[in-house]
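Single-letter residue listing:
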Amino acid sequence: MSTEAAKEPSMLMQKEMIARNYEAITSKHETGRKVSSTFVPGNLNELLMCFDIVNNLPEINAIQAGMRKASGGYIMEAEKSGHSEDVCTYVKADIGQMSKGNIAPNGKPYPDPDVLMLSYTGCYTFMKWFELLREQYKCPTLMLHVPYEGDGHSTKNMRDYIVKQLKEVVIPGLEEVSGVKFDIDRLRGYLKNSAKAEDDLVWCLEQGKHKPSPIDAYFGGVYYIGPIFTAFRGTEDAVKYYEMLRAEVQGRIDRKEGPLTPEGTSFNDQKYRLVVEGPPNWTHFREFWKMFYDEGAVVVASSYTKVGGMYDLGFRHDPDNPLESLADYCLGCYTNRNLPTRVDILAKYVEEYEADGLLINSIKSCNSFSAGQLMIMKEVERRTGKPGAFIETDLVDPRYFSAANVKNRLESYFQMIEQKRRGGGSKTVAA
Amino acid sequence: MAVADIVKRCQDMYEDLNFTYAREWKAAKAGRKVVGFLPVYAPMEMIHAAGCLPLGIFGGGDQMEVIHGDAYYQSYICRIPRSTIELGVTGRVDFVDGMIFPFVCDVIRNLSGIWKMMFPNVWSKFFDTPQNFDPSIGGDYYAVELQELREGLEQLTGRKITDDDIRRSISLYNENRRLVREVYAFRAKEPWKAPTSEVYVLMRAGLMMDVEEHNQLLKDYMAAAAAEDRPKRDNVRIAIYGSFCEQPPLNLIKSIEMAGCYVVEDDYSLVNRFITEDVPVDGDPVRNLAMSFITHSVETSCKYVPKLGEKGKYHVAQVKQCGAEGVIYATPSFCDPALLDRPMICSALTEAKIPYISFKYAENSGQMQPIREQAGTFADSIKLWS
Amino acid sequence: MSAIITAGIDIGSGCVKGVLFRVDGDKQEWLAKFTSRIRNRDPFQLAQEGFDDMLKEAGITASDVAYVASTGDAENLKFSTGHFYSMTTHGRGAIFLDPEARSVLDIGALNGRAIKVDEGGKVLSYKMTSQCASGSGQFLENIARYLGIAQDEIGTLSTKADNPEKVSSICAVLAETDVINMVSRGITASNILKGIHVSMAVRLAKLLKSIGANDGVVLMTGGLALDAGLLAALNEAAEQEKVNLVAKNHPDSIYAGAIGAALWGAFRHEKLARLGQAA
Amino acid sequence: MRCFIGIDLGSTTTKAVVMDENTQVLGRGITNSRSNYDTAAAVSKQEALIDTRLTLFRRALGGVPEVAGKIDEIISDLERNFRHVQFLEQLGDLEETCVKNIKGPRFAGKEKGVQETLAEVFKRLRAGSDQLFAVGGKRKSDFFRDLAGSDFMTVGEAVCKDAGLGFDMILNVYDKSIIEVENRPPSGDMEGKFIRALEKGQMANNLIAKPVQDALAIPLEETYVVGTGYGRVRLPFPKEHIRSEILCHGLGAHMMYPETRTVLDIGGQDTKGIQVDPVGIVENFQMNDRCAAGCGRYLGYIADEMNMGLHELGPLAMNSTKQVRINSTCTVFAGAELRDRLALGEKREDILAGLHRAIILRAMSILSRAGGVKDQFTFTGGVAKNEAAVRELRKLIKENYGDVQININPDSIYTGALGGATFAVRAVVN
Ligand SMILES: Nc1ncnc2c1ncn2[C@@H]1O[C@H](COP(=O)(O)OP(=O)(O)O)[C@@H](O)[C@H]1O
Ligand SMILES: Nc1ncnc2c1ncn2[C@@H]1O[C@H](COP(=O)(O)OP(=O)(O)O)[C@@H](O)[C@H]1O
Ligand code: SF4
Ligand code: SF4
Ligand code: SF4
């Protein structure tokens, strides 16, 4: 990020982990390690670790570029080379970055990946994205097709299909790329770590039920999920990170404190509690966040913190059923759930976290999230009786962030909640 | 029948947003069911074998006023899901007993969920075909999915679907696909005799009527069109890609033809051309359907291309085969699959030295002037200099 | 092959343009021209009037003209012999005006078009801007009016900008509000206009790049061709992008479409004559 | 007396409402929003205070038995004359400014001719103004820019032709100057102008002078001002004086029609659907997204394209016999669409009818998004003045939501400001 935000120890640790991973990626020619590019939802980090492969996530790189305010230029670059204005800006940020030297946040060039691990979970665009990258890098591409839970649940056929692909496509492919033989016990070991970290993550996210909430499950949440959704699930580091995070959250609960804002103050005066659906905007992340805490709005639960796995619904990676649990993990990511299920989840959050309502940040780029969100809002409003609100931004395209527009809607929403709260008493309105 | 009569009949059906044909078909016999499906592919044999009428629902076109549909979609999402919702909300498809939402993209995928919430009493299915094309992986998976579809349909209709039922349907649809291929070949050979504005409605109507009836209609059309004396114009031959899902308004197709282009190949509403060869009739019919999909289906933006370097090869081969002089890559606005594919397909075309242009449309586009200008310049450029 | 006279008529959304040429093999002589702004009048009527004026000026009658070629929105022009689409004609017209040109930017009232041509005016590739055109001539015109600036002052003012203010909105309506906000923040007209020019230039540069026009002279045609501010912004954009493009204009740029039509008309006439089916 | 003021700074127009402490409306004022928001707010407030004076006059005259039954006539006479005085004052300012603006290379050597032409133009404009403000005179708009502008074009073009001078030059001076004049709030001295208006009038001066002067003497104290609307963040008000326009529209509609449950507001750049509860509290709302398609500005573009006043669009569309279907409501391409259709031989009124329907269809979608239409339904905002739009809305509401009572108030454009003023009263009185 451009300006330094106030940091807690867990944040510093995460920062250091990320830096180390970028170092591992960009120094692959020196270390001889292989690099795989892959996606957040349904990623197979533990499996990749079994082959000593370093994990690079273009989505995360796009976010980084967004936060560094570089994405706008990358997107323009991609559009100039023939990409449409209409399509997902993560893809364009990634493609544009390549033609602009492909420099990682640590200032070194990204090396070409040795394998594209295409986990096609929850988003159609992933498939096109890696087809595009494949043209560029001409490297092996391993496709793991994860069927969509269209009827609201997974079936045995889906699970078998995924496990079969793991056994017959993904694992042999990774063996070939890395030259390392697959050892299922190694995988079991990593999965054990995963499950442990997952327990702590779930605990932290659930503390949003406190008043004041010791966490911000959206703006803070994107940091909390960092390690587990990316290159660190399965590592000892991740286990440690979540222990640390848990202790910090516990501390805030004990002190009856809210989360830390980027300005370093505790956000204790929480007037509105929100559930948020949809990813955040990255190009104006700080400004966007400020619009919330300035008005006293804290996010107590969000769906974005579930894109890389819905651990709060009980799923854990399972060392006893390694491949099957990987399959279940892929199937269960948030955007791989059908709309009725998403409504159930969000309505449940509004109720269990005693929120004032559901706010949807609808992202232009992302059909997977966005197509249908208005229906989601209607349904959640109907079920919970709490008002919803709808704002529109984009992930990493600065052109689609209109601060005045977003602020206008947020303010109207907060004032409406406020007015409604007081409404009961002030029947004195002159007619 | 004369060409004009056949075309009129088809066009009336195509424009009929109340689906009178399907309503009457259903009413004609007690217990009949209609199963709707969206672009871009549905195993119609299975629906047919269940005794149901497969009904292609391809948006609302440019004649429908969308009010409630827009309430469900942001401005940056294509048109087809909104007009489909409008069809639903306004009761125009209230007689449809089941809906199949194919694997096209995330928009259609999420639409399937909206449908479930809006119309809880309609049997609906998101139909996820495999993106792994290994017979023993994707094939096995797909066979089970088809089997589940079969069971779903059995529950819907309350009657068993036997293997022989499916085999009978397969042969009818094999004939349908064969005739469709013949019409396309006829048009590619003598495009002035089979303008695309006619062929298009002929195909669209076919996705809304009984397959045997359509088979007859296809034969009639070819006979009538061959007999008709139509002048050959100084037009160029082009292929259209990118329009597989949300369909362009008929006026757009006419505008392209008016601007001096003969369309000799296209990917409009692919359904009846999705499987490119006859499905074997003998043996396990479910397995046969699955294998045909795995091994003999078109390449289009919603299917993964497993091999490096294969992207766009299919299109180049098609263009060569039908003798097109150029390609118009016309996509619906905000159509991610087509738009993300565009750079890859177009670079394959460039490599093969096939000229192309690209533009976007919406099913309700009203302004044709820019379309005429672009298609016209394209035609000019081929005419004047190649 | 004797000399023939051809006419080109270009009906746009803002103006009607026409030219009259005598063509003798490779020799082309420009006989007459006219423009008239449409301003709610019937463009076909204006075309007829302009055509008649040209004939008078050249001292000939309609029957002396071998081929009347229409372009632009003139497919339905009654007295035309044939129609060419606008990108075909702008390409040819540009080469006539500046033989060095290898690409053309035609910026009209509503759409922008980028055309890549070879030395004979043959169109190699092209693209049009689509909807949501805050960079259209119409938009600039509205803003200028709002700022109280005459059309021909826009360019000069824009080149005087010291700190251009970016217009971020994609939509012209919202961009209008952006501009109003700028005025209220005390931003000068120069900086506002330049800001608009810059954002237009960026879009146009994108358009050029997408048709593969990466070097050589870009000739601006159409209504905004003579806007010095846009020209400067384009050249700056090219420099920033490190592409070897030089944007230029020509005093007669606005006639490019009509010229191209007249010349292709001559070409076509000759071809038809050769085939013995003179039109 | 204590005055409570709501100011709604819209993207097209700025509206102000003055209320007394019993939430009785005293006055309304409107002006076009311009580049300077402070000025727009100041002008609209001034206009509302002028209107307040008129209300006070009316009250005062109520006590004069001799004028019973003639009060309306007197007040409108007074107002007309007041407007005329104000118009002449601004015209004078415009002329002065124009003369000042004759400079720069394009005028080199022609200054004198231009100046003389201008003098002639303004002379004619002044003369024409008598008719403009005569009893029953029809004015195209209430705004100086529109009034002066349209006449300037016709008169100017004629004068230039006679003088053999290019009209472009005069137009250029005008364009520059009108902005300056607009951004100068008209001079205060309301009292003086009223006195002059009084003198101009044909009414029995002696009878009404006294009560009018008494009413003029009542001090108008700005007790509390609430700002709302699109440009509210730019108002130099402390935060607690700013309210979201959604809440203000909801409350404003409730004040006019307490039984209102659904409100539709179509303004210049946004369309809002609002649901309110029985006490005027907003329950839900939706706005158009970032695309401004189908908002009021759309009609503005069309009017420009057709060279007509906004007032005239509706009536023309009402003449349509066969509606043309228009699918795109993109504001920018509205003009192109119009030309396209005209070229296809469609009639202007039929196309216009189609365009109006297109706008209302969009509004219907936003209403649907906001949860549909409940009884009673209130339509507010500038577009509510347009009868063709209203006709389509009535049709579509009936088709989609059945028999719902539809409220449209002639003062509906002030709804937001009315809500704001109510909030102002509440802030002090409750
Ligand atoms: N003399 C001029 N100086 C600057 N801009 C002009 C001039 N004449 C026309 N324009 C601009 O050009 C536009 C029309 O350009 P034109 O190329 O004729 O467009 P089209 O072909 O679409 O009619 C007008 O909208 C106006 O903004
Ligand atoms: N007299 C009128 N007749 C018809 N339409 C009008 C009239 N006055 C205003 N409008 C329409 O109303 C719109 C402005 O509405 P308004 O509510 O003032 O908007 P805002 O609140 O954004 O300023 C204009 O764009 C115009 O389309
Ligand atoms: S469409 Fe959405 S989920 Fe897919 S890559 Fe883009 S942002 Fe990610
Ligand atoms: S048109 Fe494209 S984006 Fe829209 S539903 Fe069809 S495939 Fe998806
Ligand atoms: S109104 Fe604006 S955003 Fe909407 S389509 Fe038109 S130009 Fe684009």
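Residues numbered from 1 in each chain as written. Chains lettered and ligands numbered in written order. Predicted model: local features only at pLDDT ≥ 70, side-chain atom pairs only at ≥ 80, totals over all residues. Heavy atoms only, no water.

- As recorded in an unreviewed UniProt entry, chain C goes by the name Benzoyl-CoA reductase subunit D, listed as coming from Magnetospirillum moscoviense.
- The UniProt entry for chain C carries this comment under Cofactor (unreviewed entry): "[4Fe-4S] cluster". (UniProt positions renumbered as here; feature names shortened; annotations may be inferred.)

- Naming follows an unreviewed UniProt entry, where chain B appears as Benzoyl-CoA reductase subunit C of Magnetospirillum moscoviense.
- For chain B, the Sequence similarities (unreviewed entry) comment in UniProt is given as "Belongs to the FldB/FldC dehydratase alpha/beta subunit family."

Remarks on the site of ligand 4
Residue and element names in this part refer to chain B.
Logical step 1: Close to ligand 4 lie 13 residues, the nearest being Cys78, Val104, Cys105, Cys245 and Cys335.
Logical step 2: Mapped onto the shell around ligand 4, the elements with two or more residues apiece are helix H5 (106-118) and helix H13 (336-351).
Logical step 3: Classifying every residue of the shell around ligand 4 gives 11 nonpolar, no polar and 2 charged. (Near = heavy atom within 4 Å. Helix = DSSP H or I, 4+ residues; strand = E, 2+ residues; numbered from the N terminus. Nonpolar A, V, L, I, M, F, W, Y, C, P; charged D, E, K, R; others polar.)

Here's the deal with the interface of chain A and chain C
Logical step 1: In this complex, chain A contributes 7 residues to the contact, which on the side of chain C involves 7 residues.
Logical step 2: Here chain A packs against chain C, burying approximately 760 Å² in sum over the two surfaces, 56% of which is carbon and sulfur.
Logical step 3: For chain A, the biggest contributors to the area lost against chain C are A:Met76, A:Lys80 and A:Glu85; these three give 64% of the whole.
Logical step 4: For the pair chain A and chain C, the number of links is 3 salt bridges.
Logical step 5: A salt bridge links A:Glu77 to C:Lys209; the nearest nitrogen and oxygen atoms lie 3.3 Å apart.
Logical step 6: Remark: the boundary between chain A and chain C carries 3 residue pairs in polar contact (both at pLDDT 80 or more). (Contact = heavy atoms within 4.5 Å. Buried area = accessible area lost by both parts, 1.4 Å probe. Salt bridge = Lys/Arg side-chain N within 4 Å of Asp/Glu carboxyl O. Polar contact = N/O pair within 3.5 Å; in protein donor to acceptor, adjacent residues only side chain to side chain.)

Here's the deal with the nonpolar core
Logical step 1: Of all hydrophobic cores here, the largest spans 351 residues; its most connected members are A:Leu47, A:Phe292 and B:Ile256.
Logical step 2: Looking at which element gives the most residues to this core, the answer is helix H7 (residues 163-189) of chain B, with 10 residues. (Core = buried A, V, L, I, M, F, W, Y, C linked by side-chain atoms within 4.5 Å. Buried < 20%, exposed > 50% of the residue type's maximum accessible area, 1.4 Å probe, protein only.)

Brief notes about the sheet that holds strand E10 (residues 244-248) of chain C
Residue and element names in this part refer to chain C.
Logical step 1: Reading across the sheet, the 5 strands line up as E8-E7-E6-E9-E10 and stay open at both edges, with mixed pairing between neighbours. At either end of the open sheet lies a strand with only one pairing partner, and these are strand E8 (123-128) and E10. Sheet twist, expressed as the average angle between the axes of neighbouring strands with direction ignored, equals 20 degrees. (Pairing = 2+ DSSP bridges. Axes fitted to C-alpha atoms, helices over the stretch in contact; angles between N-to-C directions.)

As for the side chain of D:Thr260
Residues and elements named next belong to chain D.
Logical step 1: Residue position: Thr260 is located in the loop between helix H8 (245-256) and strand E5 (262-266).
Logical step 2: At 2.7 Å, the side chain of Thr260 forms a polar contact with the side chain of Thr378.
Logical step 3: The residues touching Thr260, leaving out its near neighbours within four places in the chain, are Ala253, Val276, Asp277, Gln376, Thr378 and Asn407.

Observations concerning the packing of aromatic side chains
Logical step 1: One pass over the full model with this rule turns up 57 aromatic pairs over all chains.
Logical step 2: Taken together, a centroid distance of 6.4 Å and an interplanar angle of 85 degrees make the contact between B:Phe37 and B:Phe58 edge-to-face. Highlighted residues: B:Phe37 in strand E1 (residues 34-37) and B:Phe58 in the loop between strand E2 (53-56) and helix H4 (80-89), separated in sequence by 21 residues.
Logical step 3: The lysine or arginine in question, D:Arg28, covers the ring of D:Tyr414, its NZ or CZ lying 6.0 Å from the ring centre. (Phe/Tyr/Trp six-rings, centres within 6.5 Å; stacked < 30°, edge-to-face > 60°. Lys NZ or Arg CZ within 6 Å of the ring centre and 35° of its normal.)

A closer look at the site of ligand 1
Residue and element names in this part refer to chain C.
Logical step 1: Ligand 1 sits among 14 residues. The nearest are Ser13, Gly14, Lys17, Gln151 and Gly223.
Logical step 2: Between an oxygen atom of ligand 1 and a side-chain N or O atom of Lys17, the distance comes to 2.7 Å.
Logical step 3: For ligand 1, an oxygen atom lies 2.6 Å from a polar atom in the backbone of Gly223.
Logical step 4: If ligand 1 stood free it would expose 570 Å²; the protein chains cover 81% of that surface.
Logical step 5: For the shell around ligand 1, the secondary structure elements donating two or more residues are strand E2 (15-24) and helix H3 (137-147).
Logical step 6: Of the residues belonging to the shell around ligand 1, the class tally is 3 nonpolar, 8 polar and 3 charged.
Logical step 7: Two domains share the shell around ligand 1, each providing at least three of its residues, namely domain 1 (4-91 + 255-274) and domain 2 (99-249). (Areas by Shrake-Rupley, 256 points an atom, 1.4 Å probe, with all protein chains shown as cover. Domains from an automatic or database assignment.)

Overview of the packing of helix H10 (residues 310-318) of chain D against helix H13 (residues 387-401) of chain D
Residue and element names in this part refer to chain D.
Logical step 1: Contact geometry of H10 with H13 gives a least axis separation of 7 Å together with a crossing angle of 50 degrees. Taken together, the axes of H10 and H13 are oblique relative to one another. Taking contact as the criterion, the partners of Gly314, Pro315, Ala317 and Met318 in H10 are, on H13, Glu387, Ala388 and Arg391.
Logical step 2: By residue class, the composition of the contact of H10 with H13 is 4 nonpolar, 1 polar and 2 charged. (Parallel < 35°, antiparallel > 145°, perpendicular 65-115°, else oblique.)

What about the interface of chain B and chain A?
Logical step 1: If you look at the interface, chain B gives 54 residues, while chain A gives 57 residues.
Logical step 2: A per-residue breakdown of the area chain B buries against chain A is headed by B:Met117, B:Tyr304 and B:Leu340, which together make up 15% of the total.
Logical step 3: For the interface between chain B and chain A, the tally reads 6 salt bridges.
Logical step 4: Residues A:Asp151 and B:Lys116 are paired through a salt bridge, measuring 3.0 Å at the closest nitrogen-oxygen approach.
Logical step 5: For the interface between chain B and chain A, the tally reads 32 residue pairs in polar contact (both at pLDDT 80 or more).
Logical step 6: Contributing elements (two or more residues each) for the side of chain B that touches chain A: H5, strand E4 (123-127), helix H6 (135-157) and H13 of chain B.

Re the packing of helix H10 (residues 250-258) of chain B against helix H14 (residues 369-385) of chain B
Residues and elements named next belong to chain B.
Logical step 1: With their axes 8 Å apart at the nearest point, H10 and H14 run at an angle of 35 degrees to one another. When you trace H10 past H14, the crossing you get is right-handed. Taking contact as the criterion, the partners of Leu252, Ser255, Ile256 and Met258 in H10 are, on H14, Ile371, Arg372 and Ala375.
Logical step 2: Across the contact of H10 with H14, the residue classes break down as 5 nonpolar, 1 polar and 1 charged. (Left-handed = near helix turned anticlockwise from the far one by under 90°.)

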